[in-house]
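Chain residues, written in single-letter form:
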Amino acid sequence: MNKLTSIPQCPFNTLETLLKQCYARPACQRSFLYRHYVTASSTSNTKPEPPRIAVLGGGITGLACAYFLSRDLPNAKITLFEASSRLGGWLHSRSVDIGSGTVVFEQGPRNLRPTMPNGLITLDLVRNLGLEDRVLMTSKNSVAAQNRFIYYPDHLVRMPGPGSSLLQTILSVLSEPIFKGTISGALSEVTKPRRPEDLQDESIGSFFTRRFGSALADNVVSGVFHGIYAGDIYKLSARAILPSLWAIEWRNNSIMKGLLEEAIGGMRPIATSDLDLIKTLQSQPITSDKLEVAKKSSVYTFKGGIGELADKLEAKLDESDNVLILENTDVGQIRIVSTAAGEKIQINAKEASNRETTDYDFDHVVSTIPGNKLASIASRSPITSLSPLSRTSAVTVMVVNLFFSNPKILPVHGFGYLLPRSVPFEQNPERALGVVFDSDASIGQDDVPGTKVTVMLGGHWWDDFDAYPDEDEGASMAKALLKRHLGVNEEPRAIRVSLQRSCIPQYGVGHEARMEDASLRLDSFKGRLRVAGNSYTGVGLNDCIRAARDVVKGLVDGTGTTGLESFVGGKKWSWISETS
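Reading the values: rules and limits
- Residues numbered from 1 in each chain as written.
- Predicted model: local features only at pLDDT ≥ 70, side-chain atom pairs only at ≥ 80, totals over all residues.
- Heavy atoms only, no water.
- Helix = DSSP H or I, 4+ residues; strand = E, 2+ residues; numbered from the N terminus.
- Rg over C-alpha atoms; globule rule 2.2 N^0.38 Å.
- Buried < 20%, exposed > 50% of the residue type's maximum accessible area, 1.4 Å probe, protein only.
- Contact = heavy atoms within 4.5 Å.
- Areas by Shrake-Rupley, 256 points an atom, 1.4 Å probe, with all protein chains shown as cover.
- Lys, Arg positive; Asp, Glu negative; His and termini not counted.
- Charge placed at Lys NZ, Arg CZ, Asp CG, Glu CD.
- Patch = residues over 30% accessible without salt bridge, like charges linked within 9 Å, V, L, I, M, F, W, Y side chains within 5 Å.
- Salt bridge = Lys/Arg side-chain N within 4 Å of Asp/Glu carboxyl O.
- Phe/Tyr/Trp six-rings, centres within 6.5 Å; stacked < 30°, edge-to-face > 60°.
- Pairing = 2+ DSSP bridges.
- Axes fitted to C-alpha atoms, helices over the stretch in contact; angles between N-to-C directions.
- Core = buried A, V, L, I, M, F, W, Y, C linked by side-chain atoms within 4.5 Å.
- Left-handed = near helix turned anticlockwise from the far one by under 90°.
- Expected span 1.5 Å × (residues − 1).
- pLDDT = per-residue confidence, 0-100.

*Asks:* Quick question: what am I supposed to make of the overall build of the chain here?
*Replies:* In terms of regular secondary structure, the chain is built from 20 helices and 21 strands. Here the chain has a C-alpha radius of gyration of 25 Å; the compact-globule value for 580 residues is 25 Å, and the two agree. Overall, the C-alpha framework of the chain stretches about 80 × 60 × 50 Å when taken along its three principal axes. Classification of the 580 residues of the chain by burial places 53% in the buried group. A sequence separation of at least 24 residues applies to 74% of the contacts in the chain between residues at least 6 apart. Of the roughly 25300 Å² of accessible surface on the chain, a fraction of 52% belongs to carbon and sulfur atoms. For the chain, the separation between the mean place of its 63 positive charges and that of its 63 negative charges on side chains is 4 Å.

Set out below in structure tokens:
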């Protein structure tokens, strides 16, 4: 096997320059839309209209899509539709004045990881947006990176990892109830039978229980996925969410054998579709000392909160002559229509202040709205409907931000803690998912000393609720939790409560098969409707920005027609050695 770095690649900024020059240099044949535009010009006596492209949704994926389109297709006319009165979606950072200074409260995502490959795409976007000087990094040696806790059954347990000595790890594993059964489960995993060939998918809970026993799944893994998906591991798809572990088990007939092979021999699975991208990213310089450091950090954010990323994208779009943003405009129907100018994809939309609807004709539409909403407005017939997208549900999370004047109110320091499904009800009647110690995790955002924490409630625990707690109830629940778990009796100096309805899509068992079906059904729109966003290929910020980059690239150079091509035929894997 060859090393990933062994094949020289053209730097990304060079490729970017070539794409931008496609319209200026007719000899360039990279752009599918450019070739289409030139062909139309040569066969008509009148100059054709530039391509018109719609982006549905003004969250981070929609903003990134519009930005990449405006950059790579400067002659295109781009219209972004957003149903609400603000852009940014779930990215919402609030600067709160507490009298003696200000603190930043995050009501949604709060940091980014510089992981390969998606994280490096985001870092390149940060560079292009000129946000380097706004970056706040949490180093891998920080207290937040080295101290991560799980609450079980009635106290905080520090998870083994960086910063733990071998002796500390052994003592913790032997003494803490959370690890009971996990060692024997890990040792016996190598003897477990190969999974059945006809098993196409299973839940994360089933996957870990089958390989390691229920203790690890219920006491540890469920807590981890409360922090990422706010979801139930016995419903979430192992194949979609843990694709590399799914592949490792099949190749080695054991997860432990595969992980050992990776640790000793450097063999690791890489999605074949990612190989070229990874080679390019590894060879491209970030060209910023600060971002080179950020590449090696644990996580990073911005001085004004993660919302700065959305704000900067919005500002860039406002500066673009070829982008129109329509806020408070809800899309009600999408369909293919025949016009005097040829076949188009038509959007029927209505402004909040106007009862009348308006039809807009486009050459292409990129939808970043939730998949179930798209399915409801883009169904053409029972045969070609997008019904597979309607089966992706989402959970609701209540986020409670609290600031205390006492900077030493926490009994421990670290990133925070998560609560697994096995915590007794009397220890978690609020149905909390986890608590983030923001003062440790995002140092440098606030200009006043104190302690800032975020409590996350609900998620899948609230799936059957007909109504949710109001703001006062949410605040009381968060304070009760902090008092019970951490001994915090002090009243907060500031508190903000926000209910994020249907904020995190749940990739249930069979997700990849449904996305493959959806991709084939999207073909009925003849390449004019594509999708990207957290309903499909990942719920994290890096995933969304990667999806925006990929769908725009497919539109520009004609390599994709749906945004879900990676699901067709199943994911392929290459096993790469770092040492040979």
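Let us keep going from here.
*Asks:* Would you explain unusual backbone geometry in this entry?
*Replies:* Across residues other than glycine, the phi torsion is negative in most instances, and most of the peptide bonds are trans. Look at the link from Met 116 to Pro 117: it is a cis peptide, with omega at -5 degrees. Within the secondary structure, Pro 117 sits in the loop between β4 (102–106) and α4 (118–129). Residue Pro 153 is bonded to the preceding Tyr 152 through a cis peptide linkage, with omega at -20 degrees. In this model, Arg 431 sits at a positive phi of 60 degrees, which is unusual for a non-glycine residue. Within the secondary structure, Arg 431 sits in the loop between β16 (416–418) and β17 (432–437).

*Asks:* Could you clarify how one ought to interpret a negative patch on the surface in this entry?
*Replies:* On the surface, Asp 470, Glu 471, Asp 472 and Glu 473 cluster together to form a negatively charged patch. Within the secondary structure layout, Asp 472 lies in helix α18 (residues 471–486).

*Asks:* What's the story with the packing of aromatic side chains in this structure? I'm lost.
*Replies:* For any pair of aromatic rings, geometry is given as the distance between the ring centres together with the angle between the planes. Tallied over the full model, the rule gives 14 aromatic pairs. Ring geometry for Phe 225 and Tyr 229: centres 6.3 Å apart, planes at 35 degrees, overall tilted. According to the relative accessible area criterion, Tyr 229 is buried, its value standing at 7%. Grouping aromatic residues by their ring pairs yields a cluster made of Phe 207, Phe 208, Phe 212 and Trp 246.

*Asks:* Which parts of the structure should I look at to understand the pairing of β17?
*Replies:* Of all 6 residues in β17, 6 are buried, a share of seventy percent or more. Across 3 bridges, β16 lies against β17 in antiparallel orientation. Its bridge partner lying in β17, Tyr 417 is registered against Val 435. Two strands pair when backbone bridges link them, and β17 and strand β18 (residues 451–458) are joined in this way by 5 bridges, in the antiparallel orientation. Looking across to β18, one finds that Phe 437 is bridged to Val 453.

*Asks:* So what exactly am I meant to see when it comes to the sheet that holds strand β12 (residues 342–351) here?
*Replies:* To summarise the sheet geometry, strands pair through backbone hydrogen bonds and adopt either a parallel or an antiparallel arrangement. Spatial ordering of the open sheet is given by β11-β12-β13, a layout of 3 strands whose pairing is antiparallel. Edge positions in the sheet fall to β11 (329–339) and β13 (357–362), since each has one partner strand and no second. Averaged over all adjacent pairs, the angle separating strand axes in this sheet is 25 degrees, with direction ignored.

*Asks:* Mind showing me how you'd approach the environment of Ser 442 here?
*Replies:* On the secondary structure map, Ser 442 appears in the loop between α17 (438–441) and β18. When its relative accessible area of 10% is taken as the criterion, Ser 442 is described as buried. Once the C-alpha coordinates of Ser 442 and Ser 93 are considered, the two residues, 349 residues apart in sequence, prove to be 13 Å apart.

*Asks:* Looking at this model, I keep getting lost on the nonpolar core. Mind explaining?
*Replies:* Nonpolar side chains in soluble globular proteins tend to end up buried together. Of all hydrophobic cores here, the largest spans 49 residues; its most connected members are Ile 60, Leu 69, Leu 125, Phe 302 and Leu 309. Among the elements that make up this core, the one with the highest residue count is helix α20 (residues 541–557) (9 residues). Ranked by size, the runner-up nonpolar core spans 35 residues in total, among them Val 400, Ala 432, Phe 437 and Leu 486.

*Asks:* I'm lost on a nonpolar patch on the surface in this one. Help?
*Replies:* Taken together, the side chains of Leu 166, Ile 170 and Leu 174 present a nonpolar region at the surface, about 350 Å² in accessible area. Positionally, Leu 166 belongs in helix α6 (residues 166–175). The exposed category is assigned to Leu 166, whose relative accessible area is 65%.

*Asks:* Would you explain the side chain of Gln 107 in this entry?
*Replies:* Tracing the chain through its elements places Gln 107 in the loop between β4 and α4. The residues contacting Gln 107, other than those within four sequence positions of it, are His 92, Arg 94, Val 399, Asn 401, Ser 498 and Gln 500.

*Asks:* Quick question: what am I supposed to make of the packing of helix α8 (residues 204–212) against helix α9 (residues 214–228) here?
*Replies:* If you want to describe how two helices pack, look at the angle between their axes and the distance between the axes. It is the contact of α8 with α9, at a shortest axis distance of 8 Å, that shows an interaxial angle of 145 degrees. Crossing angle aside, the handedness with which α8 passes α9 is right-handed. Judged by residue contacts, Ile 204, Gly 205, Phe 208, Thr 209 and Phe 212 of α8 engage Ser 214, Leu 216, Ala 217, Val 221 and Phe 225 from α9.

*Asks:* In this structure, what is going on with the sheet that holds strand β7 (residues 156–158)? I would like to understand it.
*Replies:* Strand order in the open sheet formed by 7 strands is β7-β6-β16-β17-β18-β15-β19, and the pairing between neighbours is mixed. In this open sheet, the two strands that pair with only one neighbour each are β7 and β19 (494–505). For this sheet, the mean angle separating the axes of adjacent strands, direction not counted, is 25 degrees. Packed on one face of the sheet, α18 meets β6 (148–151), β7, β15 (394–404), β16, β17, β18 and β19 and runs near 70 degrees to β15.

*Asks:* What's the story with helix α19 (residues 511–522) in this structure? I'm lost.
*Replies:* Each α-helix winds once per 3.6 residues, and so residues spaced three or four apart point in a common direction. A rise of 1.5 Å per residue sets the reference length of α19, with its 12 residues, at 16 Å; its end C-alpha atoms lie 16 Å apart and thus fit the reference within 8%. Restricting attention to buried positions, one finds in α19 the residues His 511, Glu 512, Arg 514, Met 515, Ala 518, Ser 519, Arg 521 and Leu 522.

*Asks:* Quick question: what am I supposed to make of the confidence of the model for the chain here?
*Replies:* Close reading of the predicted structure is inappropriate where its pLDDT is low. Overall, the predicted model of the chain reaches an average pLDDT of 89, with 90% of residues at or above 70. In the predicted structure, residues 1–31 sits below a pLDDT of 50 and forms 60 contacts with residues beyond four places in sequence or in another chain. A low-confidence stretch, residues 37–42 (pLDDT under 50), is modelled with 7 contacts involving residues beyond four sequence positions or located in other chains.

*Asks:* Explain the pattern of salt bridges here, please?
*Replies:* Working definition: two side chains of opposite charge can pair if their charged atoms are close together. Counted by the stated rule, this structure contains 25 salt bridges. For Asp 124, the salt bridge identified is with Arg 127, shortest N-O distance 2.6 Å. On the criterion of helical spacing, the pair formed by Asp 124 and Arg 127 is a turn pair, its members being 3 residues apart in helix α4. We note that Asp 124, like Arg 127, is buried. When the shortest N-O distance is used, the salt bridge between Arg 335 and Asp 359 registers 3.9 Å. Highlighted residues: Arg 335 in strand β11 and Asp 359 in strand β13, separated in sequence by 24 residues. Judged by relative accessible area, which is 42%, Asp 359 ranks as partly exposed. Through salt bridges with shared partners, a single network forms among Glu 189, Arg 195, Glu 202, Arg 210, Arg 211 and Glu 249.

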